[in-house]
Amino acid sequence: VGYNFNDKLSIEYNHMLRETNYSQYHANDGRFKQWRESTVEQDLIQLNYIDETFKGHMWYNQHELNYWGTGYAEKNRKASAIGVDVQKDLKINDNTLLTVGADFRNEKFHNRGSEAGKLDRNQIGMFGQLDHKITDKDTVIIGARGTWTTNVSNNGQTHDNLSTSAQYLHKFDDNRSFY
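In this report, the structure presented in the accompanying data block is examined. (Residues numbered from 1 in each chain as written. Predicted model: local features only at pLDDT ≥ 70, side-chain atom pairs only at ≥ 80, totals over all residues. Heavy atoms only, no water.)

**Digging into the overall build of the protein chain**
What the protein chain contains, in helices and strands, is 0 helices and 10 strands. In sequence order, the secondary structure elements of the protein chain are arranged as β-β-β-β-β-β-β-β-β-β. Relative to a compact globule of 179 residues, whose C-alpha radius of gyration would be 16 Å, the protein chain shows 24 Å and is clearly more extended. Across its three principal axes, the protein chain shows a C-alpha extent of roughly 75 × 45 × 35 Å. Going through the 179 residues of the protein chain one by one, you find that 21% of them count as buried. Carbon together with sulfur atoms contributes 52% to the accessible area of the protein chain, which is approximately 12700 Å² in total. (Helix = DSSP H or I, 4+ residues; strand = E, 2+ residues; numbered from the N terminus. Rg over C-alpha atoms; globule rule 2.2 N^0.38 Å. Buried < 20%, exposed > 50% of the residue type's maximum accessible area, 1.4 Å probe, protein only. Areas by Shrake-Rupley, 256 points an atom, 1.4 Å probe, with all protein chains shown as cover.)

**Side note on the environment of Asn122**
Residue position: Asn122 is located in strand β7 (residues 117-133). In this structure, the C-alpha to C-alpha distance between Asn122 and Trp148, residues 26 residues apart in sequence, is 8.1 Å. Once residues lying within four places of it in the same chain are set aside, the contact partners of Asn122 are Phe104, Arg105, Asn106, Trp148, Thr149 and Thr150. Engagement of the side chain of Asn122 in a polar contact is seen with the side chain of Asn106, the distance being 2.6 Å. (Contact = heavy atoms within 4.5 Å. Polar contact = N/O pair within 3.5 Å; in protein donor to acceptor, adjacent residues only side chain to side chain.)

**Concerning the pattern of salt bridges**
Summed over the entire model, instances satisfying the criterion amount to 6 salt bridges. In this structure, Arg31 engages Asp29 in a salt bridge whose closest nitrogen and oxygen atoms are separated by 2.6 Å. For Asp29, a relative accessible area of 43% puts it in the partly exposed group. One salt bridge connects Asp173 with Arg176, and the closest N-O pair in it is separated by 3.0 Å. Residue classification places Asp173 among the partly exposed positions, given a relative accessible area of 34%. Connected through salt bridges with shared partners, the residues Arg105, Glu107 and Arg121 form a single ionic network. (Salt bridge = Lys/Arg side-chain N within 4 Å of Asp/Glu carboxyl O.)

**Quick look at the packing of aromatic side chains**
Scanning the model with the defined rule gives 3 aromatic pairs in all. Aromatic pair Tyr3 and Phe5: ring centres 5.0 Å apart, planes at 80°, arrangement edge-to-face. Looking at Phe5, the relative accessible area reads 44%, which means it is partly exposed. Judged by centre distance (6.0 Å) and plane angle (50°), the rings of Tyr49 and Phe54 are tilted. (Phe/Tyr/Trp six-rings, centres within 6.5 Å; stacked < 30°, edge-to-face > 60°.)

**A few points about the pairing of strand β3 (residues 32-50)**
Relative to β3, strand β2 (residues 9-25) runs antiparallel, the two sharing 17 bridges. Across the sheet, residue Asn21 finds its bridge partner in β3, namely Glu37. In sequence, β2 turns back onto β3 through a hairpin of 6 residues, with Gly30 there showing a positive phi of about 75°. Pairing analysis gives 15 bridges linking β3 to strand β4 (residues 54-69), with the strands arranged antiparallel. Paired with Asn48 across the strands is His57, a residue of β4. (Pairing = 2+ DSSP bridges.)

**So, the environment of Val100**
Turning to its location among the elements, Val100 is positioned in strand β6 (residues 96-112). The partly exposed category is assigned to Val100, whose relative accessible area is 31%. Sequence-wise, Val100 and Asp89 are 11 residues apart; in three dimensions their C-alpha atoms are separated by 6.6 Å. Aside from chain neighbours lying at most four places away, what touches Val100 is Val86, Gln87, Lys88, Leu90, Phe127 and Gly128.

Geometric values such as these leave the question of function open.
See below:
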């Protein structure tokens, strides 16, 4: 289900349910071997805003898996994620565009009946990219992204990463380029 509030703001909701039930038998004599049943249920909600220079997305996703059968203990796993992602284009002049953005995500996982129990983590990212058109055929692109992950496995661990990129692009014509 989706709804457009206007040409810039929209919301979407998806619900999915899958149920599986099967039995296995020995191929040589047809004796019963095992059976399994499972259900997977997902809910996805997303709010989107897009205009000429700004993009923003907020979302919530939930996923639940239940399965049971002969030889298997009943399992129930539930995961969810909530987040926001924003990006802004800033025109510095006719030849230079700066794109900046950030995202945040909180993920939770609950494995009922397991020693792992409940897990969660936060992920934060920030990025920037500068596109500078030197001539009509030559462009330089420089970018960087930092990512921080906190509360990994509920033991207070953190991970971080900084990555950079640089690119030179030369267009020979509309169909051929070198970068």
